[in-house]
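Results of the structural survey
Chain by chain, the residues:
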Amino acid sequence: LAYRIDGRQVPPEVFYARACDPLRSVAIEACAGAGKTWMLISRILRALLAGAAPQDILAITFTNKAAGEM
């Protein structure tokens, strides 16, 4: 797998640290089964643990399966 931030390849731990940071806005693009829903759930949990109010979180997904998991 290639983990990229702003087009440059980075180690997985750097990618996940940045992607799960609740203070950042991110867009995740990946093929089916790559872990996009897991990433959204991780971000939501981290935001809640950091003190975000549930009504201030917006998560968008395009499948019923992912919505059910979230």
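The structure we're discussing is the one just above.
Overview of the structure. It should be emphasised that the depicted structure is a prediction, and the values quoted were computed from it without experimental measurement.

Observations concerning the overall build of the protein
Of regular secondary structure, the protein possesses three helices and two strands. Listing every helix and strand of the protein by position from the N terminus yields β-β-α-α-α. C-alpha atoms of the protein, sized along the principal axes, occupy 35 × 25 × 15 Å. Residue burial in the protein is summarised as follows: out of 70 residues, 17% are buried. Considering only contacts within the protein whose residues lie at least 6 apart along the sequence, 26% involve residues at least 24 apart. About 5,500 Å² of surface is accessible on the protein, with carbon and sulfur atoms providing 56% of the total. For the protein, the separation between the mean place of its 8 positive charges and that of its 6 negative charges on side chains is 4 Å.

A look at the pattern of salt bridges
Overall, the coordinates contain two salt bridges when judged by the stated rule. Its salt-bridge partner being Asp-21, residue Arg-24 comes within 3.7 Å of it at the nearest N-O pair. When its relative accessible area of 24% is taken as the criterion, Asp-21 is described as partly exposed. Here Lys-65 ties to Glu-69 by a salt bridge, and the two come within 3.9 Å at their closest N and O atoms. Of this pair, Lys-65 and Glu-69 both sit in helix H3 (residues 64–69), four residues apart, which is roughly one turn of that helix. Lys-65 sits in the exposed class, given a relative accessible area of 62%. Note on Glu-69: relative accessible area 43%, which makes it partly exposed.

Remarks on the packing of helix H1 (residues 12–19) against helix H2 (residues 36–49)
Put simply, H1 and H2 touch, their axes get as near as 10 Å, and they point 55° apart. On the basis of the axis angle, H1 is oblique to H2. Every residue of H2 that contacts H1 at Phe-15, Tyr-16, Arg-18 and Ala-19 is listed here: Trp-38, Met-39 and Arg-43. For the contact of H1 with H2, the class distribution of residues is five nonpolar, no polar and two charged.

Rules used in this analysis
Numbers given to residues run from 1 along each chain, matching the order in which its sequence is written. Owing to the predicted nature of the model, reporting of local features is limited to residues with pLDDT of at least 70; listing and counting of side-chain atom pairs is limited to 80 or more, with chain, interface and lining totals taken over all residues. The basis for the side-chain values is all heavy atoms of the structure; hydrogens and waters are excluded. Segments assigned H or I by DSSP are reported as helices when at least four residues long, segments assigned E as strands when at least two residues long, and all are numbered from the N terminus. Partly exposed residues are those whose accessible area sits between 20% and 50% of the maximum for their type, while under 20% is buried and over 50% is exposed, using a 1.4 Å probe and protein chains only. Contact between two residues is taken to exist if any of their heavy atoms lie within 4.5 Å; hydrogens are not considered. Only the protein chains shown count as cover for residues, and all accessible areas are computed by the Shrake-Rupley method using a 1.4 Å probe. For the purpose of counting charges, residues Lys and Arg are taken to be positive, whereas Asp and Glu are taken to be negative. His and the chain ends are not included. Each charge is placed at NZ for Lys, CZ for Arg, CG for Asp and CD for Glu. By definition, a salt bridge exists where a carboxyl oxygen of Asp or Glu is found within 4 Å of a side-chain nitrogen of Lys or Arg. To define axes, lines are fitted to C-alpha atoms, for helices over the stretch in contact only, and angles between the resulting N-to-C directions are given on a 0 to 180 degree scale. Any angle that is under 35 degrees is reported as roughly parallel, and any over 145 degrees as roughly antiparallel; angles of 65 to 115 degrees are reported as roughly perpendicular and all others as oblique. Each residue is assigned to one class: nonpolar for Ala, Val, Leu, Ile, Met, Phe, Trp, Tyr, Cys and Pro, charged for Asp, Glu, Lys and Arg, and polar for all the others, Gly among them.

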